Amino acid sequence: MRLIVLCFLCAVCRMSFSQDKAYTSFIDVNYFSGNIALHNNDILHLIQGHPEGVIFGWNKKTYGFNAWEQRYNYPDYGMSIAYQNLKNKVLGNVVSAYVHYNFYFFKRYLMFRIGQGLAYTNNPYNKENNFRNIAFGTHIMSSTYALLNYKKECLFDNIGFQAGLSFIHYSNANVKAPNTSINSISLNVGVTYRLEENSPEYQYTLIENDRGFRQSIKYNLVFRTGINESDVVGSGQFPFYIVSAYTDKRINRKSALQLGVDVFFSNFLKELIYYKSVAFPEDNISGDEDFKRVGVFVGHELFINKISILSQLGYYVYYPFDFEGRTYFRIGVKRYFGNKWFGALTLKSHGAKAEAVEFGIGVRL
């Protein structure tokens, strides 16, 4: 989790001190209230009342001085802080901090915000004092949130209005058990305030055939690692290692398609295999099953400046021990350093069940 904190702080610092040729900024405050989504029957006892909270955001507008800003319809980027009362003393309250992007549609009246960051809960699982909280196994978690809002700026001088839907997800991605996680879906309403009086003109300098960009097939090699734990509380945290090789084909400025293979060395499975062989003899597990897995996957990469959004769907072709099914998903972000090297922060899951947060480094040739 310290690595997650470090990566997040680096992103915040870069965002805070980067300079554009010209910009305007605005702040917004949103109140939200809604429900915890039932994604797992094990959390039924945790759903009480209607969680509510506040999101405060600082946003920096773009005007097309960089080509990627024009391709994405002049998005905003910024930082946000949220507080949520989960209306259950077992779950406690959560404070979170994010970096986010705002994307605009329908003449900029519809805003979609996606944010990624860290959350702190004041009441995680404790086997003596809070054993009912199977949602949060650690104080510090990763968190993702999204807003889909109707937005109208500067209705009264610099004051604007927005309202819509919000989604917040908290999870430690099985860094430590338990971790059933919490998803909340809410209605939100808020106000915006523009901080500067004047703004520059939107630029459009893309060449006519900008969308016709093509690139030859590239070859990628990635090494990923981290720590995680099985769902058996107290079974211990173990390192894992993943080697991935894949090809990608850039089909336009924004997108590339991927095809590849993963080899998983998941040491927590060693302990889980042994535990099940002893505790559940009726499952006919010998304890000698191989903990390694091999998967093939297809994927998509969405390029935004030097950052890209990664999504992959995989299937285990070598699967000697049954753990959460044969299909898996991976989502996350990549940051390119030059033309070849990149770092990656990704989440691997089986459906709604997270397995690990992966820290990776790779090369694209």
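Residues numbered from 1 in each chain as written. Predicted model: local features only at pLDDT ≥ 70, side-chain atom pairs only at ≥ 80, totals over all residues. Heavy atoms only, no water.

1. Examining the overall build of the chain
To keep it simple, the criterion reads: Helix numbering and strand numbering both begin at the N terminus, where a helix is a DSSP run of H or I of at least 4 residues and a strand a DSSP run of E of at least 2. The globule rule used for comparison is 2.2 Å times the number of residues to the exponent 0.38, while the radius of gyration itself is calculated over C-alpha atoms. Classification of residues uses two cut-offs on accessible area relative to the type maximum, computed with a 1.4 Å probe and protein chains only: under 20% is buried, over 50% is exposed, and between them is partly exposed. Note that His is not counted, nor are the chain ends; the positive residues are Lys and Arg, and the negative ones are Asp and Glu. In plain terms, the charge of a residue is placed at NZ if it is Lys, CZ if Arg, CG if Asp and CD if Glu.
Helix and strand counts for the chain stand at three helices and 16 strands. Against the compact-globule benchmark of 21 Å for 365 residues, the chain has a radius of gyration of 22 Å, which places it among compact chains. For the chain, the spread of C-alpha atoms along the three principal axes comes to 70 × 55 × 30 Å. A burial count over the chain gives 45% of its 365 residues as buried. Between the averaged position of the 38 positive side-chain charges in the chain and that of its 29 negative side-chain charges there is a distance of 7 Å.

2. What about the confidence of the model for the chain?
For clarity, the threshold we go by: pLDDT runs from 0 to 100 and stands for how confident the predictor is about each residue. Contacts between residues were defined by any pair of non-hydrogen atoms, one from each residue, lying within 4.5 Å.
Of all residues in the chain, 94% attain a pLDDT of 70 or more, and the chain-wide mean is 90. Scored below 50 in pLDDT, residues 1-20 makes 33 contacts in the model with residues more than four places away or belonging to other chains.

3. Topic: the pairing of strand S16 (residues 353-364)
What counts, and what does not: Strands qualify as paired when DSSP identifies two bridges or more between them.
Counting buried residues in S16 gives eleven out of twelve residues, a clear majority hidden from the surface. Bridge count for strand S9 (residues 218-228) against S16 is six bridges, and the pairing is antiparallel. Looking across to S16, one finds that Arg224 is bridged to Gly360. Of the pairings in the sheet, the one linking strand S15 (residues 341-350) to S16 comprises ten bridges and is antiparallel in character. When the sheet's bridge partners are listed, Leu347 is paired in S16 with Val357. Here S15 folds back onto S16 in antiparallel fashion, the turn holding two residues, of which Gly351 has a positive phi close to 65 degrees.

4. With respect to the environment of Tyr318
Counted only if it meets this: Polar contact is defined as a pair of N or O atoms within 3.5 Å, subject to the rule that within protein one atom must be able to donate a hydrogen and the other to accept it, and that residues adjacent in sequence are counted only when both atoms are side-chain atoms.
Within the element layout of this structure, Tyr318 appears in strand S13 (residues 307-318). Spatially, the C-alpha atoms of Tyr318 and Phe112 are 39 Å apart, while their sequence positions differ by 206 residues. In this structure, Tyr318 is in contact with Asp290, Lys292, Arg293 and Val294, ignoring residues within four places of it in sequence. Polar side-chain contacts of Tyr318 include one of 2.8 Å to the side chain of Asp290.

5. Some remarks on the sheet that holds strand S4 (residues 93-105)
Cut-off, in case you're wondering: Helix axes use the C-alpha atoms of the stretch in contact, all axes being lines fitted to C-alpha atoms, and the angles between their N-to-C directions lie in the range 0 to 180 degrees.
As summarised here, the arrangement of the eight strands in space is S1-S2-S3-S4-S5-S6-S7-S8, forming a closed barrel in which the pairing is antiparallel. Shown here is a sheet whose adjacent strand axes are inclined to one another by a mean of 25 degrees, direction ignored. Where strand S6 (residues 140-156) and strand S7 (residues 159-171) come together, twelve bridges link them in antiparallel fashion. Bridge pairing in S7 links Leu147 to Ser166.

6. A look at the pattern of salt bridges
Keep this limit in mind: A pairing counts as a salt bridge when a side-chain nitrogen of Lys or Arg comes within 4 Å of a carboxyl oxygen of Asp or Glu.
A full pass over the atoms with the stated rule returns 13 salt bridges. The partner of Asp231 in a salt bridge is Lys353, with the nearest N and O atoms 2.6 Å apart. Here Lys353 lies in strand S16 and Asp231 lies in the loop between S9 and strand S10 (238-250), a separation of 122 residues in the sequence. Classification of Lys353 as buried rests on a relative accessible area of 18%.

7. Some details on the pairing of strand S2 (residues 52-61)
Relative to S2, strand S1 (residues 25-36) runs antiparallel, the two sharing nine bridges. Each bridged residue has a counterpart across the sheet, and for Val29 the counterpart in S2 is Phe56. Relative to strand S3 (residues 76-85), S2 runs antiparallel, the two being bridged by ten bridges. The partner of Gly57 across the bridge, within S3, is Ser80.

8. Considerations on the side chain of Arg250
Along the polypeptide, Arg250 turns up in strand S10. The buried charged residue Arg250 lacks any salt bridge partner; its closest oppositely charged side chain belongs to Asp248, at an N-O distance of 7.2 Å. From its side chain, Arg250 meets the backbone oxygen of Asn252 in a polar contact 3.1 Å long. Of the polar contacts made by the side chain of Arg250, one reaches the backbone oxygen of Arg253; its length is 2.7 Å.

9. Overview of the packing of aromatic side chains
For clarity, the threshold we go by: What counts as a ring pair is set by centres within 6.5 Å for rings of Phe, Tyr and Trp (its six-membered ring), and what kind of pair is set by the plane angle: stacked under 30 degrees, edge-to-face over 60, tilted for all other angles. Only when the NZ of Lys or the CZ of Arg is both within 6 Å of the ring centre and within 35 degrees of the ring normal is a charge said to sit over the ring.
Overall, the coordinates contain 19 aromatic pairs when judged by the stated rule. Measuring from centroid to centroid gives 6.2 Å for Phe136 and Tyr170, while their planes differ by 85 degrees, and the two rings are edge-to-face. Of this pair, Phe136 sits in the loop between strand S5 (110-121) and S6 while Tyr170 is found in strand S7, placing the two residues 34 residues apart along the sequence. The pair formed by Phe136 and Tyr170 is uniform in burial state, with each residue classed as buried. A network of ring pairs unites the aromatic residues Trp68, Tyr72, Tyr77, Tyr101 and Phe103 as a single cluster. Note that Lys334 overlies the ring of Phe342, its terminal NZ or CZ placed 3.9 Å from the centroid.

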